[in-house]
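# Fold and geometry: a report
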Amino acid sequence: MAVNLVIVESPAKAKTIEKFLGKDFIVKSSFGHIRDLSRKNFGIDIENGYTPQYIIPEDKKKVVDDLRKSAGKAETVWLASDEDREGEAIAWHLMEVLELDPGKVKRIVFHEITKEAILKAIANPRPVNRELVDAQQARRVLDRLVGFELSPVLWKKVKPSLSAGRVQSVAVRLLVEREREIISFKSSSNYRITALFEIENEKNEKSELKAELPARFPTKSKAIEFLRKCAGAEYEITDITTKPSKKSPSAPFTTSTLQQEAGRKLGFSVSQTMAIAQRLYESGKITYMRTDSLNLSDSAISAASSHIISEFGEKYLRTRKYQTKSKGAQEAHEAIRPTYMNNKEEGSNLNEQRLYELIWKRTVASQMNDAQLEKTSVNISISEAEENFVASGEVLRFDGFLKVYRESSDDEQEENGKGLLPPLNEGDQLKALNITATERFTQHPPRYTEASLVKKLEELGIGRPSTYAPTISNIQNRGYVVKEDRPGRERKYTVLVLDRNDSVNEETQTEVTGKEKAKLFPNDIGMVVNDFLMDHFNDILDYNFTASVEKEFDDIAEGNLSWPDMIDKFYNPFHKKVEDTIKTSERNKGERALGVDPKSGKNVWVKIGRFGPMAQIGDNDEEEKPRFAGLRKEQRLESITLEEALDLFILPRKIGNYEDKEVVAGIGRFGPYVRHDNKFVSLKKDVDSPYTIELDRAIELIEEKRKAEREKTIKVFDEPEGLSILNGRWGPYISYRKENYKIPKNIEPESLDSDACLEIINNQKEKPSRKKPAGRKKQSKK
């Protein structure tokens, strides 16, 4: 019988560790149940000094009882939860919930699941670190207090079912403030001047040179004035400056930088990146993935060095020790890296393989030499103007770490933007082929992606590696923020060209601007909640407060601060402010008056209603009930105009007649539609709009649905009533009395009569399938 019990969080981790231990060890998983207890089912008794109160749900009792039984039989219980603060708290909760004898409990930690790391941890056990546990408890308790106290305030003052959180509310604030910067941004135009020159060498060989004017002109008239100066001008190279430069590799991945780079390069969401990294870690492929350390172990550096020398040569090697810049970095002792550097490819599926490759390349590149560049700048004088054109070029003299890895796709585009220059000498005369002035526009600040939001939170010192992913997921799941693509809009711009005949030609071109991909947008309810919290709890949403709380957690982890004292200091004034806000503050629905409806003479409002943002014609205190209409997806309370709000009330809209019956467009419970002959036809998403659809298009959709319904019906039987054979998404099936039945593959549906159908139905009733039959009509219940 095994005399050692090792307890970990997940079956995957247990399976990997079990391979490295002998028959004297048994490895068991808590299946995340103890983590759930530490997160969700761990209560706090404020009156008695925040003492633990465990609530073990019925579905988790079996696993807990099994662990208790196994622990009672074992001589030694090894607690092998993750090495960060949450892992330490889980180890402590295990001791409490399983009622373990401290004398036979040993805590082991490791940042990679390899045989060497596991055996080393077992040889060097330690007690559970109560300071780390206290720091995690303080985080949990503080976050619960904020959430449990603020959320009911929002229910009463804004809208039911809302929630607030210490870190999530700050993240929403960042997005709201950026969105308002964008809304208030006023774009201005200027003119960028570029030139294409021709140069001829001693052998009469011609080459082209692109150059640009460093300054831009604020108006079209100024740009035209400059182009006219260039007409008939001479151009001469007056200065050539060449400077060496270098590009150094980035440090190995931390949690934050991995989330950012996986988002940019692989298109992964933050939560997706962490889920994939978790699987790679638990299967022993990479080191622990929640870390803010940049350190690499000596063995990892040595393994990377051996690979670099054998693969690329010694001139590519330059070992480095990176220093962690993040103050209070504590989540782990090493950066994210492959556990075995000689394994270039790992992973059980494509996404795991892609993320592993990213980690492997970044780790190897971090120990490689700098890339050596040569940058050349060429000044070109204009005989008739004071300005100078400048041509720039860049030559990669030694690729160094770039042989393996470039930090992001954005950087690659910048690199590719600077090319080689032809052979040039000072005093060379150039011939202008054309000079172009292109109207350009100033850009509003960029919206956040998940990756850039993580970067901003880290810069502000808000949160820790373990909190970034859940914070960003929470603000989306709770409906404050949406991540989506948005189409741009067409914009006209002016292009002025000075051609070879010294004539200035003007033309208008069109471009698409404002296109967004996978960006985070705060919605109306997020903005209203943010405003309410900023008005009444601005200290909670203060960036410095949130960062200082993280510092206090660090102090608790280092044993320099008592966590109940820290909570008391925060809670008493906070609780009083909550009570005062409930008593004295007014409801906030984001209400905004737009003007007066010219038809009815009634006021028009927009606000947050029970089912979301809406427009309202009429006041609530009038005898006649107000009329309501929901805002469109792209509309916002803060920016919608009176005319746009009134347009919302034109539905349902009659668009004509077809077959002597009215055709109406509208929006119903299941989305936009056209209605004809009491039948509804859904409009195509991102193609049709009920506000603009015309009769010809509506008829096309009506006929499409009729055709689909004709093809759907294979047979309809008179007896028994309601028996039919239909075509479904997964093939033909029998429909009878609102139930659907699969037709065996060896039977032709057209050959079935009513008796044969009933026989199939009876056979399937006697032998119920575990799976839903193919073609089953009622598939909305998932």
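Up top you'll find the structure we're talking about.
Residues numbered from 1 in each chain as written. Predicted model: local features only at pLDDT ≥ 70, side-chain atom pairs only at ≥ 80, totals over all residues. Heavy atoms only, no water.

### Here's the deal with the overall build of the chain
Helix and strand counts for the chain come out as 21 helices and 28 strands. With the principal axes as the frame, the chain shows a C-alpha extent of 95 × 85 × 70 Å. Looking at the chain as a whole, 48% of its 782 residues qualify as buried. Contacts spanning at least 24 positions in sequence make up 69% of the contacts within the chain whose residues lie at least 6 apart. (Helix = DSSP H or I, 4+ residues; strand = E, 2+ residues; numbered from the N terminus. Buried < 20%, exposed > 50% of the residue type's maximum accessible area, 1.4 Å probe, protein only. Contact = heavy atoms within 4.5 Å.)

### Digging into the nonpolar core
Residues Phe110, Leu154, Ile286, Leu355, Leu453 and Leu533 are the most contacted members of the largest nonpolar core, which totals 120 residues. Broken down by element, this core gets its largest block of residues, 10 residues, from helix α6 (residues 130–157). Contacts of Leu453, omitting those with residues within four sequence positions, involve Leu174, Leu175, Tyr448, Ile472, Ile475 and Leu520. Core analysis: the next-biggest nonpolar cluster, separate from the first, contains 29 residues, Phe197, Ala223, Ile380 and Ala391 among them. (Core = buried A, V, L, I, M, F, W, Y, C linked by side-chain atoms within 4.5 Å.)

### A look at the sheet that holds strand β5 (residues 76–79)
One open sheet accounts for 4 strands, arranged β2-β1-β5-β6; its pairing is parallel. The open sheet has two free edges, formed respectively by β2 (25–29) and β6 (105–107), since each of these has just one partner strand. Here the average twist between neighbouring strands, direction ignored, is 25 degrees. Pairing analysis gives 4 bridges linking strand β1 (residues 4–8) to β5, with the strands arranged parallel. Within β5, the residue paired with Asn4 across the bridge is Thr76. (Pairing = 2+ DSSP bridges. Axes fitted to C-alpha atoms, helices over the stretch in contact; angles between N-to-C directions.)

### Looking at the sheet that holds strand β17 (residues 592–596)
An order of β17-β18-β19-β20 is seen for the 4 strands of this open sheet, with the pairing classed as antiparallel. Since the sheet does not close on itself, it has two edges, and those belong to β17 and β20 (627–630), each with one partner. With strand direction ignored, the average angle separating the axes of adjacent strands in the sheet is 25 degrees. With 6 bridges connecting them, strand β18 (residues 603–609) and strand β19 (residues 612–617) associate as antiparallel partners. Bridging from a neighbouring strand, Trp605 pairs with Gln616 of β19.

### Considerations on the pairing of strand β11 (residues 388–398)
One face of the sheet, then the other: side chains in a regular strand alternate in exactly this way. Sheet analysis places strand β10 (residues 371–382) next to β11, joined by 10 bridges and oriented antiparallel. The residue of β11 that forms the bridge with Gln372 is Phe398.

### Section: a negative patch on the surface
A surface patch of negative charge is lined by Glu634, Glu643, Glu644 and Asp647. Here Glu634 shows up in the loop between β20 and α19 (642–647). Of the residues examined, Glu634 reaches a relative accessible area of 53% and is grouped as exposed. (Patch = residues over 30% accessible without salt bridge, like charges linked within 9 Å, V, L, I, M, F, W, Y side chains within 5 Å. Areas by Shrake-Rupley, 256 points an atom, 1.4 Å probe, with all protein chains shown as cover. Salt bridge = Lys/Arg side-chain N within 4 Å of Asp/Glu carboxyl O. Lys, Arg positive; Asp, Glu negative; His and termini not counted. Charge placed at Lys NZ, Arg CZ, Asp CG, Glu CD.)

### Focus on the pattern of salt bridges
Scanning the model with the defined rule gives 51 salt bridges in all. A salt bridge links Glu506 to Lys220; the nearest nitrogen and oxygen atoms lie 3.0 Å apart. Highlighted residues: Glu506 in strand β15 (residues 504–513) and Lys220 in helix α8 (residues 220–230), separated in sequence by 286 residues. Glu506 gets classed as partly exposed once you look at its relative accessible area, which sits at 45%. Judged by relative accessible area, Lys220 falls into the partly exposed class, the value being 32%. For Glu394, the salt bridge identified is with Lys375, shortest N-O distance 3.7 Å.

### As for the packing of α6 against helix α17 (residues 543–557)
Here α6 crosses α17 at 150 degrees, and the two axes come no closer than 7 Å. Here α6 lies roughly antiparallel to α17, going by the angle between them. Note that α6 runs across α17; the crossing there is right-handed. Residue-level contacts link Glu131, Leu132, Asp134, Ala135, Ala138, Arg139 and Leu142 of α6 to Val549, Glu550, Phe553, Ile556 and Ala557 of α17. A breakdown of the residues in the contact of α6 with α17 according to their chemical character gives 8 nonpolar, no polar and 4 charged. (Parallel < 35°, antiparallel > 145°, perpendicular 65-115°, else oblique. Left-handed = near helix turned anticlockwise from the far one by under 90°. Nonpolar A, V, L, I, M, F, W, Y, C, P; charged D, E, K, R; others polar.)

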